[in-house]
Amino acid sequence: MSTWDTLSSLAWLVEAGADESIQDSPSNRLMPDGVHGNEPRANSAPVDRREVSSKSDRPPLIRSGIGTAVPNTEEAHLSAAASQNLNQLRLAVETFDGCGLKRTAMNTVFADGNPRADLMLVGEAPGAEEDRKGVPFVGAAGHLLDRMLAAIDRDRTSAYISNILFWRPPGNRNPTNEEIALCLPFVQRHIALVRPRVLVLVGGIAAKTLLSRSEGITRLRGKWYKYCPDDSGVPVDATAVFHPAFLLRKGHQKRETWQDLVSIRARLADRKVLEEDI
Ligand code: URA
């Protein structure tokens, strides 16, 4: 193969989202299970969970009445509901094999910050840096999120941060509806267990998913919603803000974001005053 061919194959792979190597040596996916590259794998070698597994490992897709496939989220629902605390939920997410993203990700990215804080933020999905470190919002967007928090006198000791997806979509592509549906039971349980006073949905994917709305973030931000994470009927105050990655690209939305942050700070302060009065 010429250098030009090699470069254009590489460009094609990057374009398709394969922008990171996940193994030290190539793996021949056409060979039967247990054969790795050209060498048979020793029985004692640890199984690499990032490898593409056989079809039978994946949750079955259910055919809906109109012929479209919907993911079988039953296992996710059962496993999330059985988690009685955050440690159990983290373990449930880490051992859940139903979402294909786990096979290409390096780490499960569960949460960061203080789970006892009255403020919880939910973003979209881990990026490359988050995937490498297993911690949400630690790349460029994360640094801006930290500055947004600092503007309302918060940091990761006084806020709790997670995402809609626990694994990085390859090449940072948009998550599919199926991937979101498979993670959603865990996210809902996550919010129910933390039960923050104020929930901030960071970006359009988090806002649309948790508010069950079809509008974009421009329409959803700047308002307050009641979000019910469980069957208790007791809602959590929720709002949506522009994603910091979007703000890094389109700086002119920073004024609206400042207004949103002031509103979040006021809502948190209101709650404190109410509590002190009781
Ligand atoms: N963007 C997100 O939505 N979440 C992260 O953790 C990082 C970037």
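Treat the numbers as computed from the prediction; the structure is a model and nothing was measured.

### Examining the site of the ligand
Around the ligand, the structure places G123, E124, A125, P126, E130, P136, F137, N163 and H243. For the ligand, a nitrogen atom lies 3.0 Å from a polar atom in the backbone of A125. Between the ligand and the protein, one listed contact pairs an oxygen atom with a side-chain N or O atom of H243 at 2.8 Å. Relative to its unbound accessible surface of 240 Å², the ligand loses 92% to contact with the protein. Class assignment of the residues belonging to the shell around the ligand gives a composition of 4 nonpolar, 3 polar and 2 charged.

### Brief notes about the side chain of Q253
Topologically, Q253 is positioned in the loop between α9 (244-249) and α10 (254-277). A residue is classified by how much of its surface remains accessible, and Q253, at 14% relative accessible area, is buried. Ignoring any residue separated from it by four or fewer positions in sequence, one finds Q253 in contact with F242, F246 and L247.

### Some details on the environment of G216
Mapping G216 onto the fold places it in the loop between α7 (204-211) and α8 (217-220). For the pair G216 and I205, spaced 11 residues apart in sequence, the C-alpha to C-alpha distance is 8.6 Å.

### Topic: the sheet that holds strand β6 (residues 119-123)
Ordered by their spatial adjacency, 6 strands build an open sheet running β5-β7-β6-β8-β10-β9, and the pairing between neighbours is mixed. Strand pairing shows two members of the sheet lacking a second neighbour, β5 (112-113) and β9 (224-227), which therefore form its edges. Where helix α5 (residues 140-151) meets the sheet, its contacts fall on β6, β7 (160-163) and β8 (198-202), and the angle it forms with β6 comes to roughly 155°. Its contacts with the sheet put α7 on β6, β8, β9 and β10 (236-241), and the angle it makes with β8 is roughly 125°.

Criteria and thresholds
- Residues numbered from 1 in each chain as written.
- Predicted model: local features only at pLDDT ≥ 70, side-chain atom pairs only at ≥ 80, totals over all residues.
- Heavy atoms only, no water.
- Near = heavy atom within 4 Å.
- Polar contact = N/O pair within 3.5 Å; in protein donor to acceptor, adjacent residues only side chain to side chain.
- Areas by Shrake-Rupley, 256 points an atom, 1.4 Å probe, with all protein chains shown as cover.
- Nonpolar A, V, L, I, M, F, W, Y, C, P; charged D, E, K, R; others polar.
- Helix = DSSP H or I, 4+ residues; strand = E, 2+ residues; numbered from the N terminus.
- Buried < 20%, exposed > 50% of the residue type's maximum accessible area, 1.4 Å probe, protein only.
- Contact = heavy atoms within 4.5 Å.
- Pairing = 2+ DSSP bridges.
- Axes fitted to C-alpha atoms, helices over the stretch in contact; angles between N-to-C directions.

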